[in-house]
Amino acid sequence: MANIPPLGIAVDPGWPGRPYLYVHCDDASGPWIRISRYTAAGDLAFTADGSLTVDAATRYDLLNRLPDNASNHNGGTVRFGPDGRLYVSLGEDANRCAAQDSSFLGGKILRLDVGRLPAGPGGPAPFAILVPPGNPWGAAPDSGARLVWAQGLRNPFRFGIDPANGALFVGDVGEGTWEEIDRIAAGGGNYGWPLREGPLTLSPSCPSPLVAGLAPVYAYDRTGSTASIIGGCVFHRPAAADSGLPVSYEGDYFFSEYYT
């Protein structure tokens, strides 16, 4: 993969019939982020040692040349929901005012349909085949906006999806005071950045009006310390299995903190 460390990897839920890996990474050829698919080969059904190979020549770009002009705020997660759609997090690339502009893909969660992509290498994919039914801006004049599931995020570095109902729990990294968790139960929500950071209302200078949007389900004050929330996962006990965790944890959300 051209020696580019990926920020996120997801396995196609149709594996091994669809032996695909989806990667969120920087592009070595320029200041861009790309979301790419690679085809795996080898012991796909894990009948022997499970050895796999991934050839860079199998790369198919879903999206490329997503702006990466800043050194931070890339987002970085790719994850399949129970609906079979691929959810992708993108940071606002230090373009804070555009986080609430649905035509700018930074500061967003995207929801993509990968089931209609052709086999083999190529891309970038036409937006028309990436837009699944049910996306909130699916009829927008701007083709990029049709991919957006949620907006108004700063740097949704890591998120998890509740397999029971498809809700996303997003760890959104704050700027200077608050780290927050946003629960995205349905598409179309605006989560407030840059007008909101946790429970705090800010006063950014932006050319277009902003809305405070939906409040986070949890936030913690990181004043005076270095902090970066890492979104985790929703716990569901495997059937007839002892996980070692209390039954009362069923359905709870776990997260971590990078620095502390």
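Calculation rules
Residues numbered from 1 in each chain as written. Predicted model: local features only at pLDDT ≥ 70, side-chain atom pairs only at ≥ 80, totals over all residues. Heavy atoms only, no water. Pairing = 2+ DSSP bridges. Helix = DSSP H or I, 4+ residues; strand = E, 2+ residues; numbered from the N terminus. Axes fitted to C-alpha atoms, helices over the stretch in contact; angles between N-to-C directions. Core = buried A, V, L, I, M, F, W, Y, C linked by side-chain atoms within 4.5 Å. Buried < 20%, exposed > 50% of the residue type's maximum accessible area, 1.4 Å probe, protein only. Contact = heavy atoms within 4.5 Å. Disulfide = S-S within 2.5 Å. Salt bridge = Lys/Arg side-chain N within 4 Å of Asp/Glu carboxyl O. Patch = residues over 30% accessible without salt bridge, like charges linked within 9 Å, V, L, I, M, F, W, Y side chains within 5 Å. Areas by Shrake-Rupley, 256 points an atom, 1.4 Å probe, with all protein chains shown as cover.

Asker: Where do I start with the sheet that holds strand S12 (residues 178–184) in this structure?
Answerer: By way of backbone hydrogen bonds, the strands of a sheet pair with one another, either parallel or antiparallel. Across the sheet, four strands lie side by side as S10-S11-S12-S16; this open sheet has antiparallel pairing. Among the strands making up the open sheet, the edge pair consists of strand S10 (158–161) and strand S16 (218–221). The sheet shows a mean angle of 10 degrees between the axes of neighbouring strands, taken without regard to direction. Pairing analysis gives five bridges linking strand S11 (residues 168–172) to S12, with the strands arranged antiparallel. Each bridged residue has a counterpart across the sheet, and for Phe169 the counterpart in S12 is Arg183.

Asker: It is not clear to me how the nonpolar core should be interpreted in this structure. Could you clarify?
Answerer: The nonpolar side chains of a soluble globular protein tend to be buried with one another. Leu62, Leu86 and Leu110 are the most contacted members of the largest nonpolar core, which has 24 residues in total. Within the residue set of this core, elements represented by two or more residues are strand S2 (20–26), strand S3 (32–42), strand S5 (60–67), strand S6 (78–80), strand S7 (86–90) and strand S8 (108–112). In this structure Leu62 touches Tyr22, Ile35, Ser36, Arg37, Leu86, Leu112, Val114, Leu117, Pro124, Ala125 and Leu130, once residues within four positions along its chain are discounted.

Asker: Sorry, what's going on with the state of the cysteines here?
Answerer: Covalent bonding between the sulfur atoms of two cysteines defines a disulfide. A full pass over the atoms with the stated rule returns one disulfide. Here Cys97 pairs with Cys206 through a disulfide, and the sulfurs are 2.0 Å apart. The sign of the S-S torsion, about -80 degrees, decides the handedness of the disulfide formed by Cys97 and Cys206: left-handed. You can see Cys97 sitting in the loop between S7 and S8 and its partner Cys206 sitting in the loop between strand S15 (200–201) and S16, a full 109 residues away along the chain.

Asker: Just to check I follow, could you spell out the pattern of salt bridges for this structure?
Answerer: Side-chain pairs of opposite charge can arise whenever the charged atoms involved come near each other. Inspection of every chain in the model, using the stated rule, returns nine salt bridges. For Arg34, the salt bridge goes to Asp27, with nearest N and O atoms at 3.4 Å. Here Arg34 and Asp27 have matching classes, each one buried. For the salt bridge of Glu179 with Arg222, the shortest nitrogen-to-oxygen distance reads 2.7 Å. Separated by 43 residues along the polypeptide, Glu179 in strand S12 and Arg222 in the loop between S16 and strand S17 (229–234) bring together distant segments of the chain. Among the residues examined, Arg222 registers a relative accessible area of 9% and is labelled buried.

Asker: Explain unusual backbone geometry to me, please; I cannot follow it from the model alone.
Answerer: Glycine aside, residues mostly have negative phi angles, and peptide bonds mostly take the trans form. A cis amide bond links Trp15 to the next residue, Pro16, at an omega of 5 degrees. Relative to the assigned elements, Pro16 resides in the loop between strand S1 (8–11) and S2. Note that the residue after Gly123, namely Pro124, is joined by a cis bond; omega there is 0 degrees. Relative to the elements of secondary structure, Pro124 occurs in the loop between S8 and helix H1 (127–130). At Phe46, a residue that is not glycine, the phi angle is positive and equals roughly 55 degrees. Among the structural elements, Phe46 can be located in the loop between S3 and strand S4 (52–54). In this structure Phe46 comes out as exposed when scored by relative accessible area, which is 52%.

Asker: Teacher, can you tell me more about the sheet that holds S6 here?
Answerer: Pairing is mixed in the open sheet, where five strands are placed in the order S6-S7-S8-S9-S13. Strands with a single pairing partner mark the edges of an open sheet, and in this sheet they are S6 and strand S13 (189–190). Summarising the sheet, S8 and strand S9 (residues 148–151) pair through two bridges and their orientation is antiparallel. Of the residues in S9, the one forming a bridge with Ile109 is Ala150.

Asker: Help me out: how do you make sense of a nonpolar patch on the surface in this one?
Answerer: A contiguous nonpolar patch, built from Val217, Tyr218 and Phe255 and spanning about 280 Å² of accessible area, is present on the exposed surface. Residue placement: Phe255 occurs in strand S18 (residues 253–257).

Asker: Is there a simple way to think about the environment of Leu44 in this case?
Answerer: Positionally, Leu44 belongs in the loop between S3 and S4. Residues Leu44 and Trp15 lie 29 residues apart in sequence; the distance between their C-alpha atoms is 7.8 Å. The residues contacting Leu44, other than those within four sequence positions of it, are Trp15, Pro16, Pro19 and Leu52.

Asker: Just to check I follow, could you spell out the environment of Asp101 for this structure?
Answerer: With respect to the helices and strands, Asp101 occurs in the loop between S7 and S8. Overall, the relative accessible area of 35% leaves Asp101 in the partly exposed class. Sequence separation of Asp101 and Val211 is 110 residues, and the distance between their C-alpha atoms is 11 Å. Beyond its immediate sequence surroundings of up to four residues, Asp101 is in contact with Lys108 and Gln151.

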